[in-house]
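Residue-level structure breakdown
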Amino acid sequence: MASTFSGDETAPFFGFLGAAAALVFSCMGAAYGTAKSGVGVASMGVMRPELVMKSIVPVVMAGVLGIYGLIIAVIISTGINPKAKSYYLFDGYAHLSSGLSCGLAGLAAGMAIGIVGDAGVRANAQQPKLFVGMILILIFAEALALYGLIVGIILSSRAGQSRAD
């Protein structure tokens, strides 16, 4: 029985692992950031209910992290088709590193957004002048995940360049 598979047979495992890592770790960061900052919003809402909608910014920013992981997971999974084009270990490792860079950056950013969001909205309830500072810190925390997304896209674009087919 002849196989139509071309490339290394174990390589797609690493590629799919990268796609899963991107989505899982990014969503873990998004979930932690949403939960942690959501607790702060709920606590602050008891004291100053008029500020609840203004204080929802960290929750939204944390939710975006999951989208970054989804983007990389889709890019990686569409690049894995060993029956159409040879897929070697280089390609699998490129996709694995792409997924890990985006996923772990999203996890770190989610932790930062959660902690800053929780403390920031509580502090904003007591001193409204802190809002702009809180937003700036959240933007810098979100940028960490954006760096992971950019590096993930660059690394996943390297897949397929290992050999001239």
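Quick caveat: nothing in here was measured; it's all calculated off a predicted structure. Residue numbers here run from 1 along each chain, matching the order of that chain's written sequence. This being a predicted model, a pLDDT of at least 70 is required before a residue's local features are given, and a value of 80 or more before pairs of side-chain atoms are given or counted; all residues contribute to the totals for chains, interfaces and linings. Note that water and hydrogens are dropped before the side-chain values are worked out from all heavy atoms of the structure.

Quick notes on the packing of aromatic side chains
When we look at a pair of aromatic rings, we describe it by the centre distance and by the angle of the planes. Stated formally: Aromatic rings from Phe, Tyr and Trp, with only the six-membered ring used for Trp, were paired whenever their centres fell within 6.5 Å, and each pair was classed as stacked if the ring planes differed by under 30 degrees, edge-to-face if by over 60, and tilted otherwise. We call a residue buried when its accessible area falls under 20% of the maximum for its residue type, exposed when it is over 50%, and partly exposed in between, using a 1.4 Å probe and counting protein chains only. Two thresholds decide whether a charge sits over a ring: the Lys NZ or Arg CZ must be within 6 Å of the ring centre and within 35 degrees of the ring normal.
Tallied over the full model, the rule gives two aromatic pairs. Relative to Phe-14, the ring of Phe-13 has its centre 5.3 Å away and its plane inclined at 75 degrees; by these criteria the two rings are edge-to-face. Given the relative accessible area of 21%, Phe-14 is considered partly exposed. Each residue in the set Phe-13, Phe-14 and Tyr-93 is aromatic and connected to the rest through ring pairs, giving one cluster. Here the basic side chain of Lys-54 rests over the ring of Phe-131, its NZ or CZ set 4.5 Å away from the ring centre.

Some thoughts on the UniProt feature "domain: V-ATPase proteolipid subunit C-like" (unreviewed entry) in the protein chain
Basically, it comes down to this: UniProt positions are given in the numbering used here, feature names are shortened, and annotations may be inferred rather than shown by experiment. Numbering goes from the N terminus for both helices and strands, where a helix is a DSSP run of H or I of at least four residues and a strand is a run of E of at least two.
When the UniProt feature table is mapped onto this chain numbering, "domain: V-ATPase proteolipid subunit C-like" (unreviewed entry) sits at residues 17-76 and 97-155. As annotated, residues 17-76 has a helix share of 85% and a strand share of 0%, and its two end C-alpha atoms lie 10 Å apart. In the segment residues 97-155, helix accounts for 93% and strand for 0%; the C-alpha atoms at its two ends are 7 Å apart.

Topic: the pattern of salt bridges
The test is simple: Only one rule defines a salt bridge in this text: a Lys or Arg side-chain nitrogen within 4 Å of an Asp or Glu carboxyl oxygen.
Taken as a whole and judged by the stated rule, the model has three salt bridges. Its salt-bridge partner being Arg-48, residue Glu-50 comes within 2.7 Å of it at the nearest N-O pair. According to the relative accessible area criterion, Glu-50 is exposed, its value standing at 55%. Residue Arg-48 is classed as partly exposed on the basis of its relative accessible area, which comes to 26%. In this structure, the salt-bridge partner of Arg-122 is Asp-118, at a minimum N-O distance of 2.7 Å. Of this pair, Arg-122 and Asp-118 both sit in helix 3 (residues 89-126), four residues apart, which is roughly one turn of the helix. We classify Arg-122 as partly exposed; its relative accessible area is 32%. Judged by its relative accessible area of 11%, Asp-118 falls in the buried class. A single network of salt bridges, built from pairs that share partners, joins Lys-36, Asp-118 and Arg-122.

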